[in-house]
Structures are given as C-alpha cells and as structure tokens.
Amino acid sequence: MAEHFAVNGGARLVGAVDVVGAKNSVLKLMAAALLAEGTTTITNCPEILDVPLMADVLRSLGCTVEVEQGTVTIDVPAQPGAQADYASVSRLRASVCVLGPLVARCRRAVVPLPGGDAIGSRPLDMHQAGLRKLGASTEIEHGRVVAHAEELRGAQIWLDFPSVGATENILMAAVLADGSTVIDNAAREPEIVDLCTMLQQMGAKIDGVGTSTLTVHGVPQLQPTRHRVIGDRIVGATWAFAATMTRGEVTVRGVDPHHIDLVLDKLRSAGAETEIGTQEFTVRMDGRPRAVDFVTLPYPGFATDLQPMAIALSAVSEGTSMITENVFEARFRFVDEMVRLGADARTDGHHAVVRGVGRLSSAPVWASDIRAGAGLVLAGLCADGQTEVWDVEHIDRGYPRFVENLCALGADVARVQAQPRR
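Along each chain, residues carry numbers from 1 onward, in the same order as the chain's sequence is written. Under the rules for a predicted model, residues below a pLDDT of 70 receive no local features and side-chain atom pairs below 80 are neither given nor counted, while totals for whole chains, interfaces and linings still include all residues. Excluded from the side-chain calculations are hydrogens and water; all other atoms, namely the structure's heavy atoms, are used.

Caption draft 1: Region of the structure containing the overall build of the chain. Scanning the chain from terminus to terminus reveals 14 helices and 25 strands. C-alpha atoms define the radius of gyration in this analysis, and the globule rule sets the expected value at 2.2 Å times the number of residues to the power 0.38. Here the C-alpha atoms of the chain give a radius of gyration of 21 Å, agreeing with the 22 Å that 2.2 N^0.38 yields for 422 residues. Taken over the C-alpha atoms alone, the chain extends approximately 65 × 45 × 40 Å along its principal axes. Categorising residues by exposure relies on relative accessible area from a 1.4 Å probe, with only protein chains included: less than 20% of the type maximum marks a residue as buried, more than 50% marks it as exposed, and the intermediate range marks it as partly exposed. The 422 residues of the chain split such that 57% are buried. Contact between two residues is taken to exist if any of their heavy atoms lie within 4.5 Å; hydrogens are not considered. In the chain, once contacts between residues fewer than 6 apart in sequence are set aside, the share between residues at least 24 apart is 73%. Here the open area of atoms and residues is found with the Shrake-Rupley method and a 1.4 Å probe, where only the protein chains shown may cover a residue. Surface accessibility of the chain: about 15800 Å² in total, with carbon and sulfur atoms responsible for 45%. Here a strand is any run of E in DSSP of at least two residues, a helix any run of H or I of at least four, and the numbering for each starts at the N terminus.

Here it is in structure tokens:
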C-alpha cells in the first residue's frame, strides 16, 4: 500500500499559516556543526524527513544527535569520523555539504555521491575545484568523493556559476584555512546568509555577507553555538501562490517577506493584493489571475524551486505565459503531469509556454520531486473533482504538516493509503 493526497478542487483558501525553518538552510547548518567540538543547538527546525536523514549522516561521523520538537542538538567529538555512511548519504542530496567541514576539521573526507530529487544533474565539479584551490586533492573513486589535505591555505576562487552548494562547501572549508580566501561570484541566497551568520557566531571571520564576493579570514578553531533557522521562503512563497490560484486570502507568518520580493511582485502583476509586515505577509486575490512570465535565476532572481508553482498558476491564468528554466534542466517533467490535469502547456528546450484554461480537470498524477508535488497539489485545488497526487513522500521532505495546514485554510485534502493505479 502507498500513500497519496486526495485533493478535492473548488476551495478558496482563507486564514493564516505559520512557516518554520528553511529546509534549504537547516541541513547545511547541521553540517556546519562539524566545524567545532562540543554541543551545537539549532532551533526552529522543520519537522521533515530530511532532518533525521541528515542526523543519521552526522551519527555515521561519530556525532551524537537528538531531534526533538523543532530542535536539533549535535554533540561533535574531538575527532569526528571522515567517512560518511553510504546508506544515509544516498537518500539525501544536501548531505554532500559535509565535505567542506570534514576537509577543514579532519583534513580528509570520504563522501558517497549523494541522492535526492530527480530534477537534473547537479555535478560537484565546482565543489572539488574550490577545495583544490584551498590545497586539497579530490577525486571521484568508486562512487565516492575522496578528499585529502595536508593543510588548507587561503585562495582566490571564482565560481563559474553562483552555485549554492559549492559556495557552502568552499565557505565551510575556508573558515579553518590558513590566511584569507575570496570567493567571487558566490551565491547570495538568504540560506547562505543564514549559514554565514551561524559561522560568525561560532567565531568565523567573514566579510561581504549577502553579496557576490565573500572574504573569509581563516581562524584556528571555532566554538559550538546556538542558532535559530530562518523561515522557509520557498514554503512561504508556495502559500502565496496557493492564495492567488484559489482566489483566497492567506497570511503567512514566520518568513521575511523581503526574501521573496520578486515573487510578491509577480503575484501583484497577476492581480493579487499584498500586505507586508515584519516576518509576515498577506496575499489576497479576488478574480482570475492574469498571465505573467517567469524566468528562473539564482537569487535574487526567481527561484527554480518555485518553477512548478509558476506553471501551476499560469495553467489557470487568463492569457499565455512563458516560463524559462535556467537552473535545472529536468524540472519541466512536471509539465507532463500538469497536462494530465488538463493544462494547455508545451515545452521547447528550457522554455515552457502555458495557455491558461478556465478550470483544470482531476486526474491521478505523480510527484517527481518536492516542489513538483506541491505544485500538483495546488493545481488539484483548481481542478474539477478529486485529484490524486502520488509519491507524496517527496512532498513530506519539504512541507511539514502540509495536509493539516491546507485543511486549516479551508481546503478539502486528505492523506489516503491505497494501491497506486497508473
């Protein structure tokens, strides 16, 4: 038996929803705890599957980890292990972020090539190139990244693309290197800022936080700390799309609205009204949305994680939208599932053209990744009849209490155990 979400269309979402810590931040913060011996505590953690999976990765490195009610406590030994467990890493793409901390602390790391979402290739070339600049040797051997370093020395590093993962790994290695490191064309996502903030609390010296040039002055050692994860801007933006698509009114609490300025601007262009507060915002929509074009880019551009929501919105908007995907090439497989729901959409390379229809039609659909799953649920809210969204374990990896929150806003959604049918 497998689980699916039974989504009955027609509801107008109204009410308030609380958003907890960012999935894309908490896992990297957990990895950063490896940089200091002792007990680090991370609060406001989302209760999603990836957190205990990351805890297993850290346990395989000799850490003692407790996960309880939104708080993760990590006790790091004086000599952590340098070889991550394959069974844990293979289930979690973000687990590769232990590479930088292990090279910094142990001068050695063996990390199996990670698993995760099916949204296209995400090679580790820039991670390895950055570590080599710092003085490490790295190779791919038998499906594992193997790195060694006699010492790490500061370096000038230019990233060909502002990769979040590469920025994080290089940054976490550089904080314990001898001398100063400059990372040019670094990623600027709020989650990078959150990581820098925690590292600074641990004693790291980092200049240029929030810009595309990070300057890291290495220190001999760091200290454990206590840190609160920033609110999840992708989850917050998902609720903003949901309010717009269902012509509802939703207040989202726990997210800095300035982290999704571009999203809210796009939704205003589609006809929504927004109210901005401190760590909260409200989105209100009365009529049918107008078609809007979207182009995914690194932050502060439109996030690729929100591309499925953009397509879902376009599918029910008045007019024709073009969505351009510049980050992950396989994200458009989501379009095939939207077509099953009656969307008028086609793809050509890294472009999708979507002509809005008045109403989608229910069908069984399958989630290929976290955000595609959420996008299909939002589409189901705008479809006639009952839509079945399968492979919901993907959704559970990014959206804590998703069904419960939807129901609290007035949606008719249930988690059902049944035999899948294709």
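Caption draft 2: Seen up close, the sheet that holds strand S20 (residues 351-355). Spatial strand order, S17-S18-S20-S19: four strands in an open sheet with mixed pairing. Sheet topology places strand S17 (294-295) and strand S19 (344-348) at the edges, where each strand pairs with a single neighbour. Pairing between strands is defined by DSSP: at least two bridges between the two strands are required.

Caption draft 3: Local environment of unusual backbone geometry. Cis geometry is adopted by the peptide bond preceding Pro300, which originates at Tyr299 and carries an omega value of 15°. With respect to the element layout, Pro300 can be found in the loop between S17 and helix H10 (307-315). Its identity is not glycine, yet Arg247 carries a phi of approximately 55°, on the positive side. Locating Arg247 in the fold gives a position in the loop between helix H8 (233-245) and strand S14 (249-253). Classification of Arg247 as partly exposed rests on a relative accessible area of 33%.

Caption draft 4: Summary view of the pattern of salt bridges. Salt bridges are counted wherever a side-chain nitrogen of Lys or Arg sits within 4 Å of a carboxyl oxygen of Asp or Glu. The final tally for this structure, using the stated rule, is 15 salt bridges. For Asp305, the salt bridge identified is with Arg371, shortest N-O distance 3.7 Å. Of this pair, Asp305 sits in the loop between S17 and H10 while Arg371 sits in helix H12 (residues 370-381), placing them 66 residues apart in sequence. Where salt bridges share partners, they join Glu249, Glu273, Glu275 and Arg284 into one cluster.

Caption draft 5: Representation of the environment of Gly179. In this fold, Gly179 is placed in the loop between helix H6 (164-174) and strand S10 (180-184). For Gly179, a relative accessible area of 41% gives the class partly exposed. When the C-alpha positions of Gly179 and Arg153 are compared, they lie 6.0 Å apart, and in sequence the two are 26 residues distant. The residues contacting Gly179, other than those within four sequence positions of it, are Gly154, Val216, His217 and Gly218.

Caption draft 6: Looking closely at the nonpolar core. By size, the foremost hydrophobic cluster in this structure holds 74 residues, and its most contacted members are Met30, Leu35, Ile74, Val98 and Leu199. Residues in contact with Leu35, not counting those within four places in the same chain, are Pro101, Ala104, Arg105, Met172, Val175, Leu176, Leu199, Met202 and Leu222. If you look at the next biggest cluster of nonpolar residues, it comprises 72 residues, including Leu13, Ala240, Phe241 and Tyr399. The criterion is simple. A nonpolar core is a set of buried Ala, Val, Leu, Ile, Met, Phe, Trp, Tyr and Cys residues joined through side-chain atoms within 4.5 Å.

Caption draft 7: Summary view of the packing of H6 against helix H7 (residues 190-201). Working convention: axes come from line fits to C-alpha atoms, limited for helices to the stretch in contact. Angles between N-to-C directions cover 0 to 180 degrees. Packing of H6 against H7 leaves a shortest axis separation of 11 Å and a crossing angle of 10°. The angle between the axes of H6 and H7 places the two elements in the roughly parallel class. Facing H6, whose interface residues are Val164, Thr167, Glu168, Leu171 and Met172, H7 presents Ile192, Leu195, Cys196 and Leu199. In this count, Pro and Cys sit with the nonpolar residues alongside Ala, Val, Leu, Ile, Met, Phe, Trp and Tyr, while Asp, Glu, Lys and Arg are called charged and the others, Gly among them, polar. When its residues are assigned to classes, the contact of H6 with H7 shows seven nonpolar, one polar and one charged. The scheme is simple: roughly parallel for angles under 35 degrees, roughly antiparallel for over 145, roughly perpendicular for 65 to 115, oblique for anything else.

Everything listed is a geometric property; what it means functionally is a separate question.
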